[in-house]
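# Architecture and fold: a report
If you want the building blocks of each chain, they are given just below.
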Amino acid sequence: MRSRILHSKSTISPENRTYLERPRINKLFRDAVESPLVTVSAGAGYGKTQAVYSFLRQYEAVTTWIQLSERDNLGTRFWENFVCTVALRDRRFAERLREAGFPEADDQFTEYLSFLENVIVPSEKNVIVFDDFHLIEDRSVLQFIRRSVQLPFHNITTILISRMEPDISTISLLSKGLVFSVSENDLRFTEEETARYFQLLGVPLSSQDLSNIYDDTAGWAFSLHLIGLSLKKAPSHSREASIAMKLNIFRMIENEIFLVNSERLQRFLLRLSLIDRLSTALVSILAEDETLVDEMKKISSFIRYDSYLDAYLIHHLFLDYLRQRQKTLTEEEKCDTYLKAARWCNKNDYKMDAISYYDKAGKYKPIMKILYHFPLQIPMNQAKFVLDIYDNGPTEQLEQFAFYPLQRSRLLVSLGRYEEAVAENNDRIRKYSTLPNSDFNNRVLCSAYQALGFINYFTLPWTDRCNFDVLLEKADYYYQLSPYNEFGPVTNISLDAWASKVGTARSGAMEEYVETLTRAIPHMVNILNGCMYGLDDLARGEMQFYKGDLKIAERLIKQALSKAEARSQYEVRNRALFYLLRIGVAQGDFERIQGLVKDLEAQLKISEYSTRFITYDIVSSWLYSTFGQPQLVANWLKGNFEQGSLAIFKANFGNCIKARYYYANKRYDELLSFLESGQAPNEVLFGKLEMKVLEAICKYQIKKRDASLLALREAYDLALSNDLTMPFIELGKDMRTLTATAMRDRNCAIPRQWLEVINRKATTYAKRLALVVSEYKRANNLEGAYDTTLSPRETDVLNDLYHGLSRSEIAASHDLSINTVKMTLSSLYTKLDADNVADVIRIALDRKLINYTSRP
């Protein structure tokens, strides 16, 4: 059995076969891959890649081959390269990785690791190859590879192919003897291998000629190959060929490889040298004639097909030669090549390469179209890359696009440069407002006002300035004068964890926001063809949910769901389903919860929904944590909290669920460390409140009673002005216990009436949750679902209650005090999550905890 990823055979010429049939090298690599890390280091032309490639074709392993280039010194571009390579064998896994983004931070790499755990088969050997590692200088990419070579999987080997010894600080592996190094000397041809090579070529040489060639080449594979090509033409000139090789290797490449081909192929090869990734499909597009590709295959010793990548690879030295001759191409040839490459890259999800090639071709409108479909908040290194293109591009040409102001503003905002974005758009508005009315001027003004509206919207949590509706109304005014939407509907917008953007606890602030959003959404829907449709109803329903009015919340959220479905607003739909799920739990409606889970699962089939896996993990993990099944939480949500200053939805939303997971797992100290670090979600009021309530509960659980009551008071203060109750209620029995404690504390500054209301509602929530969890476990046939362990005394008291004994009778029967019976009964309430004696008996019967034959 060979590597599963090899789907087709590469064309192997007789000259290349020698590389494949070197038993010494194959044995060397068979020993090498027993180590977690293999470094293959040698100069150009020593056959590093060919040796590894040839060995892996015969080795039983699942292989992922990452061909690196200088372009990979950008995290997002490297990640596209990595993900697209993974997609060749596991498209679903690749989609998860693309959605998660480049794992630059520690917590992001932990997330990547959790994804990897789900696809690695322990019984299969896996090999990951990073070819041309010496080209990588970017610290974030180096850090990813450094972490990758130390993966905690016994069946993964990483191979680094480089022109110099890789410096990736693998001291721990080196100290344990877990690094295998293959050097230049290992790859040199021996005299015996040199003789065998020329025999395969059919070139007769005397022992002296062989000795001279070996001395001149020192076993350098590339030079042997060039001399072989020359000697096939003139077998008697071995010494002259060796001398010529040493004098000018590029001249030999030109005479022996390049000029012997047709002029048509020469120009084709020069065009190929402009492109980094020579996919077979792209090569065919550039050739426009398969006979040209067939002609290229005849020089397979210098251009080989790589079945790991489904792409052609040009030998480095030959590629260096071609690049020196690129100046002979016309500008028209270069532009045509870049445009075709850009279109192919865009179609095949190499977005950063597509942007780069469009830039080289001087075509900026397609770049803007690609950016148009990016999430509103673009990853920082990606934003910087595109902004650099704009900054270095022809300003006059860029300013010819009416939507350029909005695009540029998105990049600046993604980099945290809000004030600069505001200043630029105000300048444009002042300039174009004084110019004569025209379609172009109207569209520029629409773009500028739209940019200002979005900036106001995204900065609302910090500024408390809520006037984005006025700005978007102005944008819509100019849009109506000159309608224009060339790039189609926006369906890929990423929302934060909440529909609300209110950061202040000021009374009435939420209502102001909802009213502003209600006025703004029609303008957004009009300008961007459906974008954010239903978000206003979602925000209004969300507000009612947090106020505890579930009936009104449900009606509004269903309206939002209906609107979102009508205009393919996947994020709005996801959040609506999430809130309906929470309402279903609060109402104890298990059947409804099952239906909502199926609706969430259906979203996984919508390929246009780019964050579908992340949002599904987040919502389902909330449910598992709430149901007391934290082991079922998505692995990446079990790791460390994500650090970051920008309120991107994945960090905020993910951290909220991680907090619930830590809480469900009783990891109170770790959760408190995060909550008190200042990194917890604190931009939006709902997030602040939920985290503060959790803080109060955690402090109570670790016996810090006074600190717990103080945190509860702070949560009360956050909630009071807007009458927010649901974050307290959703903590069920723990909130019931905490509020009961607060009511007994004479120094507690929280009004008793409020505490009584929360206590009562939290008790009801806990009861309904217990019913839902019971049905969930029964429906899923969970073995050991009820792990309630009762003490002998608790069992005796429970059986007596079942048989109708009063507390005084139970005390007399077992020679106990009344207080001891009360304490035992309180313990039963806690263990069974019960509210009264009837609850205790019902739940105990359901869990088969009562001895029916026992009689008092």
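Our structure's up above, just so we're on the same page.
Criteria and cut-off values
Residues numbered from 1 in each chain as written. Predicted model: local features only at pLDDT ≥ 70, side-chain atom pairs only at ≥ 80, totals over all residues. Heavy atoms only, no water. Helix = DSSP H or I, 4+ residues; strand = E, 2+ residues; numbered from the N terminus. Buried < 20%, exposed > 50% of the residue type's maximum accessible area, 1.4 Å probe, protein only. Contact = heavy atoms within 4.5 Å. Areas by Shrake-Rupley, 256 points an atom, 1.4 Å probe, with all protein chains shown as cover. Pairing = 2+ DSSP bridges. Axes fitted to C-alpha atoms, helices over the stretch in contact; angles between N-to-C directions. Salt bridge = Lys/Arg side-chain N within 4 Å of Asp/Glu carboxyl O. Phe/Tyr/Trp six-rings, centres within 6.5 Å; stacked < 30°, edge-to-face > 60°. Lys NZ or Arg CZ within 6 Å of the ring centre and 35° of its normal. 1 Å grid on protein atoms, 1.4 Å probe; cavity = no way out; pocket = protein on both sides within 12 Å on 5 of 7 lines; lining within 4 Å. Points joined across faces, edges and corners; volume = space filled by probe spheres on them. Parallel < 35°, antiparallel > 145°, perpendicular 65-115°, else oblique. Left-handed = near helix turned anticlockwise from the far one by under 90°. Nonpolar A, V, L, I, M, F, W, Y, C, P; charged D, E, K, R; others polar. Polar contact = N/O pair within 3.5 Å; in protein donor to acceptor, adjacent residues only side chain to side chain. Arc of directions from axis to C-beta.

Here the focus is the overall build of the chain. What the chain contains, in helices and strands, is 44 helices and 8 strands. In the chain, buried positions account for 58% of the 856 residues. Counting contacts in the chain only where the partners sit at least 6 residues apart, residues at least 24 apart contribute 71% of the total. Element-wise, carbon and sulfur atoms account for 49% of the exposed surface of the chain, whose accessible area totals about 36100 Å².

On to the sheet that holds strand β2 (residues 62-67), then. Strand order across the open sheet formed by 5 strands is β2-β3-β4-β1-β5, with parallel pairing between neighbours. Of all strands in the sheet, those bounded by a partner on one side alone are β2 and β5 (179-182). Across the sheet, the axes of successive neighbouring strands diverge by a mean angle of 15°, strand direction being ignored. Where strand β1 (residues 37-41) lies against strand β4 (residues 156-162), 5 bridges are found, and the strand directions are parallel. Each bridged residue has a counterpart across the sheet, and for L37 the counterpart in β4 is T158.

Of the two faces of strand β7 (residues 303-306), the one carrying I303 and Y305 and the one carrying R304 and D306 are both buried. Pairing analysis gives 4 bridges linking β7 to strand β8 (residues 311-314), with the strands arranged antiparallel. Note that in β8 the partner of R304 across the bridge is L313. Counted between consecutive antiparallel strands, the loop separating β7 from β8 contains 4 residues, among which D310 sits at a positive phi close to 50°.

On to the pattern of salt bridges, then. A side chain with one charge can pair with a side chain of the opposite charge if their charged atoms come near. What the rule picks out here adds up to 43 salt bridges. A salt bridge links E756 to R752; the nearest nitrogen and oxygen atoms lie 3.1 Å apart. Of this pair, E756 and R752 both sit in helix α40 (residues 752-779), separated by 4 residues, roughly a single helical turn. Members of the salt-bridge network, linked through shared partners, are E676, K692, E695, K699 and E714.

As a further point, take the side chain of N81. Secondary-structure assignment places N81 in helix α4 (residues 75-87). Residue classification places N81 among the buried positions, given a relative accessible area of 1%. Filtering out sequence-adjacent residues up to four positions away, N81 remains in contact with I66, Q67, L68, D72, R277 and Y350.

With that out of the way, let us pick up the sheet that holds β7. The strands that make up a sheet are held in pairs by hydrogen bonds between backbone atoms, and each pair lies either parallel or antiparallel. With antiparallel pairing, 3 strands are arranged side by side in an open sheet as β6-β8-β7. Either end of the sheet is taken by a strand with one partner, and the two such strands are β6 (278-279) and β7. Of the strand pairs in this sheet, β6 and β8 are connected by 2 bridges, and their pairing is antiparallel. Counted as the bridge partner of L278 is Y312 from β8.

With that settled, the discussion passes to helix α3 (residues 48-58). In terms of residue burial, α3 counts as a mostly covered element, since 10 of its 11 residues are buried. Looking at α3, one finds that the buried residues are K48, T49, Q50, A51, V52, Y53, S54, F55, L56 and R57.

With that settled, consider the pairing of β2. The buried fraction of β2 is high, at 6 of 6 residues. Burial along β2 is two-sided: the face carrying V62, T64 and I66 and the face carrying T63, W65 and Q67 are both buried. Inspection of the sheet shows β2 paired to strand β3 (residues 126-131) by 6 bridges, in the parallel sense. Bridging across to β3, I66 finds its partner in F130.

Quick look at the packing of aromatic side chains now. Counted according to the given criterion, the structure contains 47 aromatic pairs. Through successive ring pairs, a cluster of aromatic residues spans F78, W79, F82, F102, F109, Y112 and F144. The side chain of R567 reaches across the aromatic face of Y533, ending 5.8 Å from its centre.

With that settled, the discussion passes to unusual backbone geometry. Positive phi is not limited to glycine here, since N529 has a value of about 55°. Within the secondary structure layout, N529 lies in the loop between α28 (509-527) and α29 (535-547). Here N529 falls in the partly exposed class, since its relative accessible area comes to 32%. Here K703, not a glycine, exhibits a phi torsion of approximately 70°, which is positive. By the element assignment, K703 lies in the loop between α36 (685-701) and α37 (705-720).

This part covers empty space enclosed by the protein. The full count for this structure, using the stated rule, is 10 cavities of 30 Å³ or more. If you add up the space inside the largest cavity, you get close to 370 Å³. Considering the residues around the largest cavity, the lining is formed by 25 residues, among which Y372, F403, L406, Q450 and L528 are closest to the centre. When residues of the lining of the largest cavity are traced back to their parent elements, those giving at least two are α24 (404-414) and α26 (439-463).

Turning to the packing of helix α15 (residues 263-272) against helix α16 (residues 280-287), a few remarks are in order. Contact geometry of α15 with α16 gives a least axis separation of 11 Å together with a crossing angle of 135°. Judged by the inter-axis angle, α15 sits oblique to α16. Classified by chirality, the crossing of α16 by α15 is right-handed. Of α16, the residues touching α15 (which contributes F268, R271 and L272) are V283, L286 and A287. Split by residue class, the contact of α15 with α16 holds 5 nonpolar, no polar and 1 charged.

One can find V129 in strand β3. For the pair V129 and V38, spaced 91 residues apart in sequence, the C-alpha separation works out to 9.3 Å. Beyond its immediate chain neighbours, meaning those up to four positions away, V129 contacts L56, T63, T64, W65, I66, I159 and I161.

Relative to the helices and strands, R89 is located in the loop between α4 and α5 (91-100). In this structure R89 comes out as partly exposed when scored by relative accessible area, which is 33%. Counting along the chain gives 25 residues from R89 to T64, while the straight-line C-alpha distance between them is 8.5 Å. In this structure the side chain of R89 is engaged in a polar contact, spanning 3.1 Å, whose partner is the side chain of T64.

Turning our eyes to something else, we now look at the packing of helix α25 (residues 418-433) against α26. Viewed as axis vectors pointing N to C, α25 and α26 meet at an angle of 150°, and their least axial separation amounts to 9 Å. Between α25 and α26, the crossing angle belongs to the class labelled roughly antiparallel. Considering how the two elements wind past one another, α25 and α26 form a crossing that is left-handed. Here Y418, A421, V422, N425, N426, R428, I429, Y432 and S433 of α25 come into contact with α26, specifically with F440, N441, V444, L445, A448, Y449, A451, L452, I455, T459 and W462. Residue composition of the contact of α25 with α26, grouped by class: 14 nonpolar, 5 polar and 1 charged.

With that settled, the discussion passes to the side chain of N425. Along the chain, the position of N425 falls in helix α25. Given the relative accessible area of 0%, N425 is considered buried. Beyond its immediate stretch of four places on either side in the chain, N425 contacts P405, S409, A448, A451 and L452.

Below, the discussion takes up helix α2 (residues 23-32). Buried within α2 we find I25, N26, L28, F29 and A32. Projected onto a plane normal to the axis of α2, the buried residues spread over an arc of 160° and lie on a single side. Seen from the open side of α2, the exposed residues pointing more than 90 degrees away from its buried face are P23 and K27.

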